[in-house]
Every structure is written in C-alpha cells, then in structure tokens.
Amino acid sequence: MQNNSVYNNVTQWQLLLLAISFLTRIPVKLRFDVSTAHLNQASRYFAFVGLLLGGLLALSYGVFQLLFPPSISILLMMAIGLLLTGAFHEDGWADVWDGFGGGWQVEQKLAIMKDSRLGTYGAAALFIILLIKFQSLLFLSESLSSVLSAILLGQCLSRMVATSLIMSMDYVSEDATSKVKPLAMHLSVTSLTILLLTTAALLAGLILLGIISWQSALIISAVLLLLRLILISWFKRQLGGYTGDCLGAAQQLSEIAIYLTLVSLL
C-alpha cells in the first residue's frame, strides 16, 4: 500500500524523464519532488535510456563519417557520448579501480572510491577502456551497419546488465552520512521485466533487419550473463555488495564485452 501512495501522482512518462535526467545531461523538466522510491521505479527505463543514447550516438557517427575518416568520426562520437552522460559511468569505472587497487579493507576501499581525486589505478583503467572502445569500434567501422548496431547494443544492453545487479546484491556505503551519488537501491520484478523486454526488442529488431544473426544474439546474451555472474562475485568479494561506482564499472565492462564479442564474431 505504501508503494501505491508514493506513485499515484507520478506517471510512467515522468519516470522515464527521471531516468533520462539521472543517466544523462539532457535537460528535462521534472514536475514532482524526486525521492529514492521514484528513482527505484525509474530504473526500469535505464535500458531504454541506453537505447536513446545509442540512437543519438549512432546518428552522430553517421553524420561524422560523411565528413571525416572512421577514426576521427569514432573519436568525435565518443566525445559526444561523454558530453551527453557527463562521463557518469566512466567516473564509476575509474573510482572502482582506485578503490579496489589502493585499499585493503572495505572501509579503505569505500573511502578511496568516495574521493573526488583520480589516482593512478583509475587513470590507467580509464585510458585502457577508452582505447579498447576506440579500437573495437574502429574495427567494426569497416561495415556501417556493424558499427551502428554495436553502438546501439553497447549502450542499451550494458545498462540493462548494470541495473540488474541491484536485484542480486546489497548496497554498501562507508557510513550513514557518506556523501554518495544518488542511486536506485531496489529493483522490482516488473522493472526487471521491462529492462529485459527493452533489450529483447532491440535484439529482435536487429535480427529481423538482418543486421545480426540469432546465433550472434545468443552469444552476446551468454557473454553478458557470464560477465554478470563474474561481476557479482567480484563486487561481493571486494565490498560485500555494490555501490553506485560499481554499477558504473559494470556498465563500462558490459559495453566493451559487447564490442569485443562482435569483433570476435567478425
């Protein structure tokens, strides 16, 4: 009953706008006071926001490649992506490596991850993952349909994987007063279903268009399922649960896993 009272005056459209506002720098008007409960509900649309971002990035690459060679077009597209998201997930990726690499105890790791300064582990990890993204997309750019579908899949499916982790682990923080990034901390079965349907619709659409085969779709799904299990084990071993930075790192790893899988299939 409590949940019903919280959401009575908030439409699904408003929850979608909240998801866009949370994951991107795209300006939207929210006509309600946002609570953690609302963010929990909005998480069902995180994969859809990824699809929206993927569409914008694919469109930007399509325009850039008319004017520039693939390498420059990919770099410009990646820059657009960083601007659209505010490097939201990349920040989490770097913080995780700083914390896991520089701390011994859970409290130390959480304190390092909360620090706004970038350390050697984080800087190196950020450089490596951006380079892998660039090289993978450059290889896939030999076929326009391949690189555009990779961008769509990478942005959408990676956010589904990262968001789904909320259902499988406990949230951890250094203490009750820690200044942490706002975060969805609960994922309902309904929200998980919407996440899965969003990604399934994308995969089905690409298969029907003949851009990817159903075998490739199955392989990508299997790789992401395996990666999800690895991420859960890794985060539980390091922290006993997850933080917002962990979800950002999960998105980044899932994205490059998709790109690398597509490269290997070609």
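Before going into details, it helps to say that this report is about the structure given with it. By convention here, each chain's residues receive numbers from 1 onward along its written sequence. Note on the predicted model: pLDDT of at least 70 is required for a residue's local features to be given, and 80 or more for side-chain atom pairs to be given and counted; whole-chain, interface and lining totals, by contrast, use all residues. With hydrogens and water excluded, all non-hydrogen atoms of the structure serve as input to the side-chain values.

**Observations regarding the nonpolar core**
Formed by 74 residues in total, the largest nonpolar core has its most connected members in Leu153, Leu157 and Phe235. Apart from residues lying up to four places away in sequence, Leu157 is in contact with Thr199, Leu202, Leu203, Ile220, Leu224 and Ile258. The set of buried Ala, Val, Leu, Ile, Met, Phe, Trp, Tyr and Cys residues whose side-chain atoms join them within 4.5 Å is what this entry labels a nonpolar core. Think of it in three bands: residues with accessible area under 20% of the maximum for their type are buried, residues over 50% are exposed, and the middle band is partly exposed, with areas taken using a 1.4 Å probe on protein chains only. Residues are treated as being in contact if the distance between any of their heavy atoms lies within 4.5 Å.

**Details of the side chain of Lys109**
Segments assigned H or I by DSSP are reported as helices when at least four residues long, segments assigned E as strands when at least two residues long, and all are numbered from the N terminus. Secondary-structure assignment places Lys109 in helix α7 (residues 106–114). We score Asp and Glu as negative and Lys and Arg as positive, and we do not count His or the chain ends. Each salt bridge in this description consists of a side-chain nitrogen of Lys or Arg and a carboxyl oxygen of Asp or Glu lying within 4 Å of one another. Glu107 provides the closest opposite charge to the buried, salt-bridge-free Lys109, at an N-O distance of 9.2 Å. In terms of polar contacts, Lys109 uses its side chain to reach the side chain of Gln238, at 2.5 Å. Excluding its chain neighbours within four sequence positions, the residues that come into contact with Lys109 are Gly99, Phe100, Gly103, Trp104, Gln238 and Leu239. What qualifies as a polar contact is a pair of N or O atoms within 3.5 Å, subject to a donor-acceptor requirement within protein and to the restriction that residues adjacent in sequence count only when both atoms come from side chains.

**Topic: unusual backbone geometry**
We note that Ala87 has phi near 55°; this positive angle belongs to a residue other than glycine. With respect to the element layout, Ala87 can be found in the loop between α5 (70–85) and α6 (88–102).

**Concerning the environment of Ala217**
Along the chain, Ala217 turns up in helix α11 (residues 214–239). On the basis of relative accessible area, Ala217 is assigned to the buried category, the value being 7%. Between the alpha carbons of Ala217 and Ile112 there is a distance of 38 Å; along the sequence they are 105 residues apart. Setting aside residues no more than four positions away along its own chain, Ala217 makes contact with Leu203, Ile207 and Ile212.

So far we have only geometry, and geometry alone does not tell us how the molecule works.
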